[in-house]
Amino acid sequence: MSGNASSISDAIKSWKQDLGADSVGSALHELESYAQSTCASQRRLTAVLRPRTLEEVQKIVATANQFKTPLYPISTGKQWGMGSRLPVQDGAAVVDLGRMNRIIEVNAKYHYAIVEPGVTQRQLLDHIKVHNLPLMLNVTGSTSDTSLIGNAMDRGVGYFSSRAESIANLTIVLGNGEVLKTGFGHFEGAKTQNLYHHGAGPDLSGLFPQGNYGIVTSACIDLMPMSEEHMAVIIKIDSEDKLPQLIDVLAQLRSRGVFLTIAHVGNRERTYVTLAPLVYEQLVQAGESAGEATRNKAVSILEKDGFGPWSAAVGVLGTHGQLKLAKKEIRKAVGGFARALFLNDALVARAKAVAGMLSFIPAVRKQLMLLKAVEPVYGFTRGEATDKALKSVYWAAGDFDHLDCPDPDHSDSGILFCIPTLPNDGDVVNSAVLDTRAICSERGFDVAITVNLIDAKASEAVVSIGFNRCDEQRTASARACMVELEEYYIKNGLPLLRYSIDSMQRHISESDPFWRTVRDLNKILDPNNIIAPGRYNLI
């Protein structure tokens with residue numbers, strides 16, 4: 001559904017009256033800025049709306065209903081590789097919730113935060129640091145300026161748990177204009193509204209992650225109490241044929257409770273696009289000339305340090321005794337087929353200090369560079385966010401001139417993600433990896449793969465390819481490659497955990513009673529189908 005030119009014009013006039021002219025963008029340059037995307041998709045936008053309050057969101061929705069103009073809400077719009085700020089269909093007004101960035105409450109006793117959709121990882125972490133709170137955040141491997149609520153609403157996965165499982169007490173402006181509070185939030189003064197997720201009666205919170213029934217204006221995000229001690233484990237294997245064993249061992253360790261966080265297992269390509277630009281940065285800072293030779297040297301340093309075909313990173317939290325036992329159990333489990341490196345704050349600080357004093361020795365200087373490159377990944381496992389991971393987008397695309405740019409949507413870099421789900425079975429994972437590599441290789445792409453063990457039973461695989469968006473042939477090939485991967489995963493019983501804006505309608509079928517039920521609910525909660533039409537729903 002998309003309104004005609006007259007109704008859109010009338011809607012824009014109404015929104016300007018309600019929000020103020022500075023909160024409504026309809027000029028061509030403003031729309032073009034939002035329409036750029038690393039996935040190289042194209043959509044026609046009608047306006048950009050920037051509300052500051054729940055009440056302004058209500059006015060936006062009321063006007064959209066009046067003039068039958070669709071809306072597409074975003075939090076910070078950093079859904080790189082899956083659609084960025086773009087809606088599923090043409091003709092929508094983007095509702096940019098970035099100005100709604102209040103941290104309403106942070107509770108150290110019960111370790112939660114109530115935030116608006118514009119609140120980012122960086123903002124909440126800064127708040128925790130400034131107020132010296134004994135809390136940790138389940139960070140993601142994306143940039144520090146990504147939205148907490150936005151990521152949870154698309155079932156993003158952090159370094160400790162799934163984000164969607166850690167969000168509750170949602171406040172939503174429904175498509176029908178009503179304001180809904182989930183869980184116990186709709187009970188005035190309920191003391192448990194942020195403590196028990198489900199409330200009384202049906203738990204409606206589950207409708208909104210990957211739903212298009214309304215616009216979330218605030219939510220409770222679970223935090224973690226600061227652990228007594230922390231340890232990061234990096235496990236490396238030296239041959240591809242050991243991957244099944246690595247997956248099976250990690251699943252067993254998780255099921256036994258040796259660690260309770262998410263194990264991230266990355267292939268060589270993922271490791272190199274993540275770490276090589278950071279080693280390269282260290283080399284240039286040390287006086288090496290920027291360019292291809294130094295980039296090759298960065299990769300060579302990683303190869304010589306043993307970052308082979310697959311490496312796993314796991315954060316372990318607990319008491320001194322628990323970590324001591326976990327270290328023993330992990331060593332025992334991987335002994336004989338993999339190398340395990342255990343890091344903690346004291347060890348990292350000591351290694352940096354010693355390497356700094358001996359940096360006049362070339363071999364030690366290289367180890368210091370490598371340590372500094374690994375440090376951001378180590379930080380993820382202790383709840384720290386970073387912007388360093390963004391360099392991997394440019395590195396994978398060969399866009400080396402933009403390594404320090406904060407927004408790849410406004411560069412030449414292209415990246416596409418596909419995220420299937422897999423059982424934690426080494427043979428199944430290995431088979432999927434081999435087929436994925438074959439599909440991508442046939443089209444000339446080196447594929448980066450991370451297998452994230454979400455729990456003891458299942459994983460998400462984060463599969464990505466990089467390309468230069470200025471190369472039309474290469475871009476078309478990348479997009480065709482993603483279609484082929486999606487079809488392969490679904491055919492082989494490995495359904496996608498998240499859909500890109502271009503894959504929604506390829507996998508949402510009228511013949512499936514599930515999607516028909518989703519649409520029927522939409523008729524009640526959003527009868528005019530104005531909220532993100534086509535997003536995880538039938539058109």
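Coordinates for the structure precede this section.
First, a word on what this report is: a plain description of the structure on this page. (Residues numbered from 1 in each chain as written. Predicted model: local features only at pLDDT ≥ 70, side-chain atom pairs only at ≥ 80, totals over all residues. Heavy atoms only, no water.)

A few points about the pattern of salt bridges
Point 1. Scanning all chains against the criterion turns up 24 salt bridges.
Point 2. Two residues, Arg43 and Asp502, come together in a salt bridge whose shortest N-O distance is 2.9 Å. Residue Arg43 is found in the loop between helix H2 (28-35) and strand S2 (45-49), and its partner Asp502 is found in the loop between strand S19 (496-498) and helix H15 (504-507); the two are separated by 459 residues along the sequence.
Point 3. Since its relative accessible area comes to 17%, Arg43 is described here as buried.
Point 4. Looking at Asp502, the relative accessible area reads 24%, which means it is partly exposed.
Point 5. The salt bridge partner of Arg256 is Glu329, with a shortest N-O separation of 2.4 Å. Here Arg256, found in the loop between helix H6 (243-255) and strand S13 (263-267), pairs with Glu329, found in helix H9 (residues 320-334); they are 73 residues apart in sequence, far enough to count as distant.
Point 6. Residue Arg256 is classed as exposed on the basis of its relative accessible area of 52%.
Point 7. One continuous salt-bridge network, built from bridges that share partners, spans Glu281, Lys388, Lys391 and Asp404. (Salt bridge = Lys/Arg side-chain N within 4 Å of Asp/Glu carboxyl O. Helix = DSSP H or I, 4+ residues; strand = E, 2+ residues; numbered from the N terminus. Buried < 20%, exposed > 50% of the residue type's maximum accessible area, 1.4 Å probe, protein only.)

Section: the environment of Asp222
Point 1. With respect to the helices and strands, the residue Asp222 is situated in strand S10 (residues 214-222).
Point 2. Along the primary structure Asp222 and Asn138 are separated by 84 residues, whereas in three dimensions their C-alpha atoms are 8.5 Å apart.
Point 3. Excluding residues within four positions of it along the chain, Asp222 makes contact with His111, Tyr112, Glu165, Ser166 and His197.
Point 4. Of note is the side chain of Asp222, whose polar atom sits 3.2 Å from the side chain of His197. (Contact = heavy atoms within 4.5 Å. Polar contact = N/O pair within 3.5 Å; in protein donor to acceptor, adjacent residues only side chain to side chain.)

Notes on a nonpolar patch on the surface
Point 1. On the surface, a cluster of nonpolar side chains totalling about 290 Å² of accessible area is made up of Tyr110, Leu195 and Tyr196.
Point 2. Since its relative accessible area comes to 40%, Tyr110 is described here as partly exposed. (Patch = residues over 30% accessible without salt bridge, like charges linked within 9 Å, V, L, I, M, F, W, Y side chains within 5 Å. Areas by Shrake-Rupley, 256 points an atom, 1.4 Å probe, with all protein chains shown as cover.)

Some details on the sheet that holds strand S12 (residues 229-237)
Point 1. Taken in spatial order, the eight strands of this open sheet run S15-S12-S14-S13-S17-S18-S16-S19, and their pairing is antiparallel. One side of each edge strand has no neighbouring strand; the edge strands of this open sheet are strand S15 (339-343) and S19. Here the strands of the sheet are splayed against their neighbours by 25° on average, with no regard to which way each runs.
Point 2. Looking at chain direction, strand S16 (residues 413-423) and strand S18 (residues 458-468) are connected through nine bridges and run antiparallel. (Pairing = 2+ DSSP bridges. Axes fitted to C-alpha atoms, helices over the stretch in contact; angles between N-to-C directions.)

With respect to the nonpolar core
Point 1. In terms of nonpolar packing, the biggest core is built from 125 residues, with Trp15, Leu49, Leu71, Leu250 and Val265 touching the most fellow members.
Point 2. Examining the composition of this core, we find that seven residues originate from one element, H6, more than from any other. (Core = buried A, V, L, I, M, F, W, Y, C linked by side-chain atoms within 4.5 Å.)

Looking at the packing of H6 against helix H13 (residues 426-442)
Point 1. Where H6 meets H13, the axes come as close as 8 Å, and the angle between the chain directions of the two elements is 135°. With respect to H13, the axis of H6 lies oblique. Both H6 and H13 take part in a crossing whose hand is right-handed. Residues Leu243, Pro244, Ile247 and Asp248 of H6 pack against Gly426, Asp427, Val429, Asn430 and Val433 of H13.
Point 2. Of the residues contributing to the contact of H6 with H13, the split by class is five nonpolar, two polar and two charged. (Parallel < 35°, antiparallel > 145°, perpendicular 65-115°, else oblique. Left-handed = near helix turned anticlockwise from the far one by under 90°. Nonpolar A, V, L, I, M, F, W, Y, C, P; charged D, E, K, R; others polar.)

Digging into the packing of aromatic side chains
The relative placement of two aromatic rings is captured by the distance of their centres and the angle of their planes.
Point 1. All told, the structure shown has nine aromatic pairs when counted by the stated rule.
Point 2. Considering the side-chain rings of Tyr499 and Tyr536, the 5.5 Å spacing of their centres and the 20° angle between planes classify their relative orientation as stacked. Linking Tyr499 in the loop between S19 and H15 with Tyr536 in the segment after helix H16 (513-525), this pair joins segments that are 37 residues apart in sequence.
Point 3. Taken together, the ring pairs in this structure connect Phe184, Phe187 and Tyr196 into an aromatic cluster. (Phe/Tyr/Trp six-rings, centres within 6.5 Å; stacked < 30°, edge-to-face > 60°.)

Regarding H2
Point 1. Among all positions in H2, only Leu31, Tyr34 and Ala35 are buried. With its buried residues spanning 100° around the axis, H2 presents them on a single face.
Point 2. Looking at the buried positions of H2, the neighbouring elements they touch are strand S1 (24-25), S2, strand S3 (71-74) and strand S4 (92-96). (Arc of directions from axis to C-beta.)

Overview of the pairing of S18
Point 1. Along S18, nine of the 11 residues are buried, which leaves the element largely enclosed by surrounding structure.
Point 2. Note: strand S17 (residues 448-453) against S18, six bridges, orientation antiparallel. If you follow Leu453 over to S18, its bridge partner there is Ser459.

Comments concerning the side chain of Glu460
Point 1. Note on placement: Glu460 falls in strand S18.
Point 2. Despite being buried, Glu460 has no salt bridge partner; Arg498 is the closest side chain of opposite charge, sitting 5.5 Å away.
Point 3. Glu460 has contacts with Val157, Ile419, Pro420, Leu422, Thr450, Val451, Asn452, Ile454 and Leu497, leaving out every residue within four places of it along the chain. (Lys, Arg positive; Asp, Glu negative; His and termini not counted.)

A few points about helix H14 (residues 472-491)
Point 1. The end-to-end C-alpha distance of H14, which contains 20 residues, comes to 29 Å, matching closely the 28 Å that a straight helix rising 1.5 Å per residue would cover.
Point 2. Those residues of H14 that sit buried are Thr475, Ser477, Ala478, Cys481, Met482, Leu485, Glu486, Tyr488 and Tyr489.
Point 3. Residues of H14 that are buried make contact with S16, H13, S18, S19 and H15.
Point 4. Capping of H14 at its N-terminal end is provided by Asp471; its side-chain oxygen lies 3.2 Å from the backbone amide nitrogen of Gln473.
Point 5. Of the residues one or two after H14, Gly493 is the one with positive phi, at around 75°. (Expected span 1.5 Å × (residues − 1).)

Looking at the side chain of Asn212
Point 1. Mapped onto the elements of the fold, Asn212 is located in the loop between strand S9 (179-181) and S10.
Point 2. What makes Asn212 buried here is its relative accessible area of 1%.
Point 3. Looking at Asn212, its side chain comes within polar contact range of the main-chain oxygen of Ile531, at 3.3 Å.
Point 4. A distance of 3.0 Å separates polar atoms of two side chains, one belonging to Asn212 and the other to Asn537.
Point 5. With near-sequence residues (within four places) excluded, Asn212 lies in contact with Asn522, Asp526, Asn529, Ile531, Ala532, Pro533, Gly534, Arg535 and Asn537.

Topic: the sheet that holds S4
Point 1. The strand order S1-S2-S4-S3 describes an open sheet built from four strands, whose pairing is mixed. What marks the edges here is a single partner per strand, and that holds for S1 and S3.
Point 2. Where S3 lies against S4, four bridges are found, and the strand directions are parallel. Along S4, the bridge assignment pairs Tyr72 with Val94.
Point 3. The strands that H2 touches are S1, S2, S3 and S4; relative to S2, the one it contacts most, it runs at about 90°.

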